[in-house]
Amino acid sequence: MDRRQVLAYRIAEHGLHRTARDVAELAVVRAGLQDSMRDTALLAAVARVEGPVSLVDDPRLVLGWTLRGAPHYHLDLAEVTRALVPLDDADALARMLWQRKELASTGLAAAEVVFTAAAAIRAVVKEPMPKGAVSAAVTQRLPPAFSRWCRGCDATHIQEQLMRIATPHAGVRLVAGATPATLAPLEGRGRMRRTPDVDAATSVVESYLRLNGPASPGEAAEFVGTARAVVDKTWPDDLAAVKVEGKVRYLPSSRVAALENPPEPEVVRLLPPWDPFVQARDKALLVPDPARRKEVWKMLGNPGILLADGDIAGTWRTKGSGAKLTFTVTAFDPLRPQVREEAESEAARVAAARGFEKHTVTWLA
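Read on for a plain summary of the structure. (Residues numbered from 1 in each chain as written. Predicted model: local features only at pLDDT ≥ 70, side-chain atom pairs only at ≥ 80, totals over all residues. Heavy atoms only, no water.)

1. Quick word on helix H4 (residues 77–84)
Right, on to step 1. When we look at burial in H4, the residues that qualify are Leu-77, Val-80, Thr-81, Ala-83 and Leu-84. Angular distribution of buried residues about the axis of H4 spans 155 degrees; they occupy a single face of the element.
Right, on to step 2. Those residues of H4 hidden inside the fold are in contact with strand E2 (62–65), strand E3 (71–74), strand E7 (172–174) and helix H10 (198–212).
Right, on to step 3. Backbone nitrogen of Ala-78 and a side-chain oxygen of the N-cap are separated by 3.1 Å at the start of H4; the cap is Asp-76. (Buried < 20%, exposed > 50% of the residue type's maximum accessible area, 1.4 Å probe, protein only. Helix = DSSP H or I, 4+ residues; strand = E, 2+ residues; numbered from the N terminus. Arc of directions from axis to C-beta. Contact = heavy atoms within 4.5 Å. Polar contact = N/O pair within 3.5 Å; in protein donor to acceptor, adjacent residues only side chain to side chain.)

2. A word on the environment of Ala-20
Right, on to step 1. When you line up the elements, Ala-20 lands in the loop between helix H1 (3–13) and helix H2 (27–30).
Right, on to step 2. Its relative accessible area of 7% is what places Ala-20 among the buried residues.

3. Re the layout of surface pockets
Right, on to step 1. Within this model, the largest pocket holds a volume of roughly 850 Å³.
Right, on to step 2. Every residue lining the largest pocket is counted, 26 residues in all, and those nearest its centre are Gln-34, Arg-68, Trp-274, Arg-281 and Met-299.
Right, on to step 3. The element best represented in the lining of the largest pocket is helix H9 (residues 160–166), accounting for 3 residues.
Right, on to step 4. Among the residues forming the lining of the largest pocket, the class breakdown is 11 nonpolar, 7 polar and 8 charged. (1 Å grid on protein atoms, 1.4 Å probe; cavity = no way out; pocket = protein on both sides within 12 Å on 5 of 7 lines; lining within 4 Å. Points joined across faces, edges and corners; volume = space filled by probe spheres on them. Nonpolar A, V, L, I, M, F, W, Y, C, P; charged D, E, K, R; others polar.)

4. Remarks on the pattern of salt bridges
Right, on to step 1. For the coordinates displayed, the defined rule picks out 23 salt bridges.
Right, on to step 2. Residue Asp-58 pairs with Arg-60 through a salt bridge whose shortest N-O separation is 2.8 Å.
Right, on to step 3. Judged by relative accessible area, which is 10%, Asp-58 ranks as buried.
Right, on to step 4. Asp-309 is paired through a salt bridge with Arg-336; the nearest N and O atoms lie 2.7 Å apart. Taken together, the residues Asp-309 in the loop between strand E12 (304–308) and strand E13 (311–321) and Arg-336 in the loop between strand E14 (324–331) and helix H16 (337–353) connect sequence positions 27 residues apart. (Salt bridge = Lys/Arg side-chain N within 4 Å of Asp/Glu carboxyl O.)

5. Things to note about the packing of aromatic side chains
Right, on to step 1. Scanning the model with the defined rule gives 3 aromatic pairs in all.
Right, on to step 2. Centroid distance Trp-235 to Tyr-250: 5.7 Å. Interplanar angle 90 degrees. Geometry classified as edge-to-face. Placement of Trp-235 in the loop between helix H12 (228–233) and strand E9 (239–244) and of Tyr-250 in strand E10 (residues 247–252) is noted, with a sequence separation of 15 residues between them.
Right, on to step 3. Directly above the aromatic system of Trp-363 lies the positively charged group of Arg-340, at a separation of 4.6 Å from the ring centroid. (Phe/Tyr/Trp six-rings, centres within 6.5 Å; stacked < 30°, edge-to-face > 60°. Lys NZ or Arg CZ within 6 Å of the ring centre and 35° of its normal.)

6. A few points about the packing of H1 against H10
Relative orientation and spacing of two packed helices are given, respectively, by the angle between their axes and the distance between those axes.
Right, on to step 1. At a minimum axis distance of 7 Å, the contact between H1 and H10 shows a crossing angle of 120 degrees. Taking contact as the criterion, the partners of Tyr-9, Arg-10 and Glu-13 in H1 are, on H10, Arg-210, Leu-211 and Asn-212.
Right, on to step 2. By residue class, the composition of the contact of H1 with H10 is 2 nonpolar, 1 polar and 3 charged. (Axes fitted to C-alpha atoms, helices over the stretch in contact; angles between N-to-C directions.)

7. Quick notes on the pairing of E2
Right, on to step 1. In the sheet, E2 pairs with E3 via 4 bridges, with the strands oriented antiparallel. Directly across from Leu-63, in E3, lies its bridge partner Tyr-73.
Right, on to step 2. Once E2 ends, the chain turns through 5 residues before running back antiparallel as E3, passing Arg-68 with a positive phi of about 60 degrees. (Pairing = 2+ DSSP bridges.)

8. Focus on H1
Right, on to step 1. With 8 of its 11 residues buried, H1 lies for the most part within the structure.
Right, on to step 2. One or two positions beyond H1, positive phi appears at Gly-15, with a value near 75 degrees.

9. Section: the environment of Ala-92
Right, on to step 1. As for its placement among the helices and strands, Ala-92 is situated in helix H5 (residues 89–94).
Right, on to step 2. Sequence-wise, Ala-92 and Gly-218 are 126 residues apart; in three dimensions their C-alpha atoms are separated by 17 Å.

10. Regarding unusual backbone geometry
Right, on to step 1. Omega for the bond connecting Thr-179 with Pro-180 falls within 30 degrees of zero, at 0 degrees, which places this linkage in the cis form.
Right, on to step 2. The residue Pro-180 is located in the loop between E7 and strand E8 (182–185) in this model.
Right, on to step 3. With an omega dihedral of -10 degrees, the bond running from Gly-213 to Pro-214 counts as a cis peptide bond.
Right, on to step 4. Here Pro-214 is to be found in the loop between H10 and helix H11 (217–224).
Right, on to step 5. The backbone phi angle of Arg-18 is positive, close to 55 degrees, even though this residue is not glycine.

11. Some thoughts on the sheet that holds strand E11 (residues 269–271)
Right, on to step 1. Taken in spatial order, the 5 strands make up an open sheet running E11-E12-E13-E14-E15, and their pairing is mixed. At either end of the open sheet lies a strand with only one pairing partner, and these are E11 and strand E15 (358–364). Here the average twist between neighbouring strands, direction ignored, is 30 degrees.
Right, on to step 2. Inspection of the sheet shows E13 paired to E14 by 8 bridges, in the antiparallel sense. Bridge assignment links Ser-321 to a residue of E14, and that residue is Lys-324.
Right, on to step 3. Most of the contacts of H16 go to E15, to which it runs at about 140 degrees, and overall it touches E11, E12, E13, E14 and E15.

12. Considering the nonpolar core
Right, on to step 1. Core analysis: the largest hydrophobic core is formed by 47 residues, its most contacted members being Leu-55 and Leu-162.
Right, on to step 2. When residues of this core are traced back to their parent elements, those giving at least two are H2, helix H3 (40–46), E2, helix H7 (110–124), helix H8 (131–141), H9 and E7.
Right, on to step 3. Among the elements that make up this core, the one with the highest residue count is H7 (9 residues).
Right, on to step 4. Apart from the residues within four sequence positions on either side, Leu-55 is in contact with Val-23, Leu-33, Ala-41, Leu-42, Ala-45, Leu-61 and Tyr-73.
Right, on to step 5. With 32 residues, the next largest nonpolar core counts Ala-200, Val-204, Leu-307 and Phe-332 among its residues. (Core = buried A, V, L, I, M, F, W, Y, C linked by side-chain atoms within 4.5 Å.)

As structure tokens, this is what we get:
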């Protein structure tokens, strides 16, 4: 399989042909839809659903810190929480990402660190509370080794990533649309689960391979936010091996026919930063040119991407002023007039979804 065929398959699997009329139909929502800056989740849904979209007001959706500690909308937060129970201490430590070294120095088993923090969060969050208030109260309940001095906050508080990965185990969610970030107890939360669920963890890997396959175990591990050795324990059984640009990759056997004959990817979309389509870990396949990869994935402040003719064709940014939203779209190569027209129609959808009455589009290159 060559990269264009793989991208055509992913465009279809991600729902970017916009055939869905309800967010609950989207595979990217069933897998967990990341939300972060600049209405990421909302705009990802707008790119995929025909008709109006509201995530904050949808009672079926629950927002929580889940995969990689990032905020995601889920249809069933309890199900994904089962998948996040560490399989072992190596898994728990790997999920701490950039704070592994600090939390390894606590002298406790990594899984015990997670559940000790979760118990403290559960005890504190009995009603909706701002994140800062939760952090301060939880820090007082935990051993000093669980915390660090934060220059930005000018205070000592629980390690950020530890708080994020422990929160769902505490039976605590994020309040959608709240600023500043606000935590609240889940309705009817049961006892905290400590027993790993290998099947649930495997389903997260399988979902990644279905949406972003063919992919490697290492890519799946990076997406999940754990170690490659952990993913080896949760590697699905019914997979097909496929060569993509000469490298062996995997996807569910049930999706081979769809990969072999994907629909034509003749769609134009403005996808937000951290859209599920660019969450695939094989960045060199998505954007082969190294200079262009640096434009798509920044150290800070990723742009949105322009998807056109089955490829990532450029980037875009916005600036709001009053009732007006200004788009700056940078194309990697010259675009057909029809593509520009469709991109400007997509800009109108984005502006309307974000509540702006007016918008303009400026093209660069």
